[in-house]
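Residue-level structural notes
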Amino acid sequence: MIPHILLIVGVIVLSLALRSFRQPLVHRIGTLGIFASSFLAGWLLTGSILVGCVFASTWLLLPWVEILTRIRALRLPAERTLSPRTPPSRNSFPGLQELTDDIEEQGFEYLADSGWDWDDHSQFFRLFYKGEEKMQASICLIEQSEIAFYYLIVSCRDTKGNVWMTWNYPFSYGLKLLPKLKANRANGDLSFLEILESHQNFLKAKGIQVSDLTDQTSEQIQADIQSDLREQIVHNIKIGLLTKESDDVIRYSVRGMFFLWFQFLRDLVRLS
């Protein structure tokens, strides 16, 4: 029994060590090692391969604990009304000013701080615009209960109504994006300048030039964000990921819960 335990511990230690490397292939091998150690724990300690498979599969089923408890009880507003927002404190978002400086160094002009609140959920936007390139930049902070994270967006709108967006949202998104939204994902560890360059390359690859884009005012940008939020809710209700509990409140449907689980599996592959 002791040799089996030492083998399991050894695989766990090796897997964690491999996951500390930034090289994606080595990182993924480390993730497979975590699954392997779970399998070995079930197999070697009980003598059953079936139990080993069950132990390994628990990592894939673990998100259902969160989905069936917190997500199932989650209620959100059907209409997310943006309003002027006071910036979060330095303790809540210590990097806000540094990110603001990075964006303004690239010629973007600060427009406004905006956002919305609902119970223990809130979203904060700091908006910027670069008129000569008809390009918008945003710093977005999401706070949910005791969880908080931020991401950056660089976007523009063309004359056909499409939205071209590059962002470093750290997870697979919890809703289906609008068909008109053409998204380019950037790595989470990129600087704003690198995200901006990625967006410029994205537009170039798609044949989008400045003349194809629409110029926007601060008021129009905020109105478009409000409209996009509304359209996204309607779109996800239409395809069955969300359902209305009342005229003002929405929640995830059973189909939406399975969608979230598949998004977790995508993150497991992408981030592992």
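Section: a positive patch on the surface
Together, Lys 176, Arg 185, Arg 255 and Arg 266 give the surface a local cluster of positive charge. With respect to the element layout, Arg 255 can be found in helix 8 (residues 254-271). Assessed through its relative accessible area of 55%, Arg 255 is described here as exposed.

Structural notes on the sheet that holds strand 6 (residues 147-157)
Spatially, the seven strands line up as an open sheet ordered 2-3-4-5-6-7-8, and their pairing is mixed. The strands lining the two open edges of the sheet, one partner per strand, are strand 2 (83-84) and strand 8 (181-185). Across two bridges, strand 2 lies against strand 3 (residues 109-118) in antiparallel orientation. Within the sheet, the bridge partner assigned to Pro 84 lies in strand 3 and is Ser 114.

Observations concerning empty space enclosed by the protein
Applying the stated criterion across every chain, the model contains one cavity of 30 Å³ or more. In this structure, the largest cavity encloses a volume near 450 Å³. Along its surface, the largest cavity is lined by 26 residues, and Ile 153, Met 165, Leu 181, Ile 225 and Asp 228 are the ones closest to its centre. Of all elements in the fold, only strand 4 (121-130), strand 5 (135-144), strand 6, strand 7 (163-167) and helix 7 (218-238) reach the threshold of two or more residues within the lining of the largest cavity. For the lining of the largest cavity, the residue count by class is 16 nonpolar, six polar and four charged.

Examining the environment of Glu 109
Mapped onto the fold, Glu 109 is located in strand 3. Along the primary structure Glu 109 and Gln 136 are separated by 27 residues, whereas in three dimensions their C-alpha atoms are 9.3 Å apart. For Glu 109, the residues in contact, after removing those within four places along its chain, are Leu 127, Phe 128 and Tyr 129.

Criteria and thresholds
- Per-chain numbering applies: the sequence of each chain, read as written, is numbered from 1 onward.
- For a predicted model such as this one, the threshold for reporting local features is a pLDDT of at least 70, and the threshold for listing and counting side-chain atom pairs is 80 or more; totals across whole chains, interfaces and linings nevertheless cover every residue.
- Calculated side-chain values reflect all of the structure's heavy atoms, with hydrogen atoms and water omitted.
- To count toward a patch, a residue needs a relative accessible area above 30% and no salt bridge. Like charges then connect within 9 Å, nonpolar side chains (Val, Leu, Ile, Met, Phe, Trp, Tyr) within 5 Å.
- Per-residue and other accessible areas follow the Shrake-Rupley method at a 1.4 Å probe size, with only the shown protein chains counted as cover for residues.
- Basic side-chain nitrogens of Lys or Arg form a salt bridge, by our definition, when they fall within 4 Å of a carboxyl oxygen of Asp or Glu.
- As used throughout, the charge tally considers Lys and Arg to be positive and Asp and Glu to be negative, leaving His and the chain termini uncounted.
- Charge positions are represented by NZ for Lys, CZ for Arg, CG for Asp and CD for Glu.
- Every helix listed is a DSSP run of H or I at least four residues long, and every strand listed is a run of E at least two residues long, numbered separately from the N terminus.
- Throughout, exposure labels follow a simple rule: accessible area from a 1.4 Å probe, protein chains only, divided by the maximum for the residue type, with under 20% read as buried, over 50% as exposed, and the rest as partly exposed.
- Strand pairing requires that DSSP identify at least two bridges connecting the strands.
- Of the grid points, spaced at 1 Å and generated over the protein atoms alone, those admitting a 1.4 Å probe that cannot get out make up cavities, while open sets with protein on both sides within 12 Å along at least five of seven lines make up pockets; any residue with an atom within 4 Å of a point is treated as lining.
- Grid points are joined across faces, edges and corners, and a volume is the space filled by probe spheres set on the points.
- As a working rule, the residues Ala, Val, Leu, Ile, Met, Phe, Trp, Tyr, Cys and Pro are called nonpolar, Asp, Glu, Lys and Arg charged, and the rest polar, with Gly in that last group.
- Pairs of residues are marked as contacts when any of their non-hydrogen atoms sit within 4.5 Å.

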